[in-house]
Structure formats: structure tokens, C-alpha cells
Amino acid sequence: MLTLVQLIGFLLLLMAFASRQLLSLSSSSRVNLALNLVGASLLAVDALANRQWAFFALECGWALVALYAIIRSHLKSKSLTTKDCSSATRQGRGICIQPIEANLAVCKVADYTEVDLNSPYVFTGRTDQEASLVCPAEMVPSQTLERSDGWRALRIQGILDFSLIGILAPIATILADRGIGIFAVSTYNTDYVLTKAEDFPAALDALDKSGYTII
């Protein structure tokens, strides 16, 4: 009969497996590793209490591997400072990608009178045909004509020199090969690539496997 500890452990490991299969979450992501670490640790404790030595050894090994991967990921991210990424990006090599936490919306608006242009992650674009806005979902103005919600963004870390070419195109190609659509926004310093929230984990995984550094 399953104990409560066993049940929780099994559920956590199942969540880790499901996140990889259904959400395309990378096996090296910290969420996946944390689920494996806690789940395997709980099962190891339960096996120890029931003197199931073979199962205890298996779960201890599983937990230690997950712990090692988390520590290695943490040390790697700490070694990559913003200065390192900025320097590498300016030289067109070793490009770092920074996920942005904000939940964004892409809108067509009547005007910008209700928009706080001093807030982070607010992008405007006006032409002779329309006024567009990208902003956090909670800041969408009332005079919005059309909107598309559920976007996440990643930033090419650093300051891009105007002489650099081919920075955005390879990223777009990698994501297109995975069937991931993008909405790109450029600022004076760098580029931002938006994907739908459900595609965001797969986008980061694709870029990570293509040699980009996710920080």
C-alpha cells in the first residue's frame, strides 16, 4: 500500500516527466531538476524507512544526479556576468539570452494617452496606418482596438553594435524550424523576441541546444 510520502514522490517525478513530454521543458531546466530532486529524495526516505535497500540506492543516485545538475547550472549562471555577456555580444560571439518574466500583450490602440511610457517592457510603434503597443498584460489601455494576450519575451543580452549583422535571423530560423512563431521588437541597444507563452519553454530549449547561453 502506498504511503503519503511515496505518493507525493511519485507525483513529483510524474510531473517532471510530463513537463518534458507535454510542455517541452528541457531536462536540464531548474524546474525539472527540482521536481526530480525532491521526488527522488522523498522516495529514498520512504525506502530507507521500509528497509528497501535496492530502491533506496536507486533513489539516492537519482537525487544526487539531479542535485549535481542544479549546482552545476547555478555555478554556470553565476560565472556569466552581465559584463561578460555584453562583451561577447558586441563581438558577435557567445550570445546570451535572458528570459523576461513579464506576461505581455500585443495591441493595436487608438492612441497612447493611457500608456505609461516610463514602465518597463513598453514598446510603441506608430505608422501612417496604425498605432501598435507591446506592454505587460495588466497595463493594456481601455482604448485598445485589438489585442493578443499570452506573450513572453527573451532579450539578447548586451548592447548590439549597429555594424553587427545576422544576430536576429539565426534565432528566428531556429525557432521556425521548431514551428514556433515570433514577434520581434528592436530597441536602440538590442533585440527582444516574443513567443506565445505555451511555446516559450520549447523556444528556450531550442536556443540552448543550438549553442546560445540562457542566463
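Residues numbered from 1 in each chain as written. Predicted model: local features only at pLDDT ≥ 70, side-chain atom pairs only at ≥ 80, totals over all residues. Heavy atoms only, no water.

K.L.:
Would you mind going over the overall build of the protein in detail, with residue names and values included?
P.N.:
Scanning the protein from terminus to terminus reveals 6 helices and 7 strands. Mapped from its N terminus to its C terminus, the protein presents α and β elements in the order α-α-α-α-β-β-β-β-α-β-β-α-β. For the protein, the residues scored as buried account for 37% of the 215 residues in total. At a minimum sequence separation of 6, the contacts of the protein that also span at least 24 residues come to 67%. (Helix = DSSP H or I, 4+ residues; strand = E, 2+ residues; numbered from the N terminus. Buried < 20%, exposed > 50% of the residue type's maximum accessible area, 1.4 Å probe, protein only. Contact = heavy atoms within 4.5 Å.)

K.L.:
Hey, could you go over helix α5 (residues 168-177) for me, with residue numbers and the actual values?
P.N.:
Along α5, the residues classified as buried are Ile171, Ile174 and Leu175. One face of α5 carries all of its buried residues, which in axial projection span an arc of 95°. Gly179 occupies a position one or two residues after α5 and carries a positive phi of about 75°. (Arc of directions from axis to C-beta.)

K.L.:
Just give me the short version of helix α6 (residues 200-209), but keep the residues and values in it.
P.N.:
Taking burial as the measure, the 10 residues of α6 include 7 buried ones, the bulk of the element. All of the buried residues along α6 are Phe200, Ala202, Ala203, Leu204, Asp205, Ala206 and Leu207. Remark: Gly211 follows α6 within two positions and exhibits a positive phi of approximately 105°.

K.L.:
So, the nonpolar core: which residues are in play, and what are the values?
P.N.:
Within the largest apolar cluster, 18 residues are counted, with the highest numbers of intra-cluster contacts made by Ile97, Leu154, Ile156, Ile171, Leu175, Leu207 and Tyr212. Examining the composition of this core, we find that 6 residues originate from one element, α6, more than from any other. Formed by 11 residues, the second largest nonpolar core is a distinct cluster that contains Ile100, Val106, Val134 and Val185. (Core = buried A, V, L, I, M, F, W, Y, C linked by side-chain atoms within 4.5 Å.)

K.L.:
Which residues make up the pattern of salt bridges, and what are the values?
P.N.:
If you walk through the whole model with that rule in mind, you get 4 salt bridges. A salt bridge links Asp205 to Arg178; the nearest nitrogen and oxygen atoms lie 3.7 Å apart. You can see Asp205 sitting in helix α6 and its partner Arg178 sitting in the loop between α5 and β5 (183-186), a full 27 residues away along the chain. It is possible to trace a salt-bridge network through shared partners that takes in Arg178, Asp205 and Lys209. (Salt bridge = Lys/Arg side-chain N within 4 Å of Asp/Glu carboxyl O.)

K.L.:
Break down the pairing of strand β2 (residues 123-126) for me, citing the residues and quoting the values.
P.N.:
Bridge count for β2 against strand β3 (residues 131-136) is 4 bridges, and the pairing is antiparallel. For Phe123, the partnering residue across the bridge sits in β3 and is Val134. (Pairing = 2+ DSSP bridges.)

K.L.:
Go over the side chain of Asp191 with me, naming the residues and quoting the values.
P.N.:
Position of Asp191 relative to the elements: it lies in strand β6 (residues 191-196). The buried charged residue Asp191 lacks any salt bridge partner; its closest oppositely charged side chain belongs to Arg155, at an N-O distance of 11 Å. Within the local environment of Asp191, its side chain forms a polar contact with the side chain of Ser186, the two groups lying 2.6 Å apart. The contact partners of Asp191, leaving out residues within four places of it in the chain, are Leu154, Arg155, Ile156, Leu160, Leu168, Val185 and Ser186. (Lys, Arg positive; Asp, Glu negative; His and termini not counted. Polar contact = N/O pair within 3.5 Å; in protein donor to acceptor, adjacent residues only side chain to side chain.)

K.L.:
Explain a nonpolar patch on the surface residue by residue, including any values.
P.N.:
A surface patch of nonpolar side chains, amounting to about 580 Å² of accessible area, comprises Leu4, Leu7, Ile8, Leu11, Leu14 and Phe17. With respect to the helices and strands, the residue Ile8 is situated in helix α1 (residues 4-22). The exposure class of Ile8 is partly exposed, given its relative accessible area of 37%. (Patch = residues over 30% accessible without salt bridge, like charges linked within 9 Å, V, L, I, M, F, W, Y side chains within 5 Å. Areas by Shrake-Rupley, 256 points an atom, 1.4 Å probe, with all protein chains shown as cover.)

K.L.:
Residue-level account of the pairing of β6, with values.
P.N.:
Where burial is concerned, most of β6 is hidden: 5 out of the 6 residues are buried. Both β5 and β6 contribute to a ladder of 4 bridges, which runs antiparallel. Along β6, the bridge assignment pairs Ser186 with Asp191. Counted between consecutive antiparallel strands, the loop separating β5 from β6 contains 4 residues.

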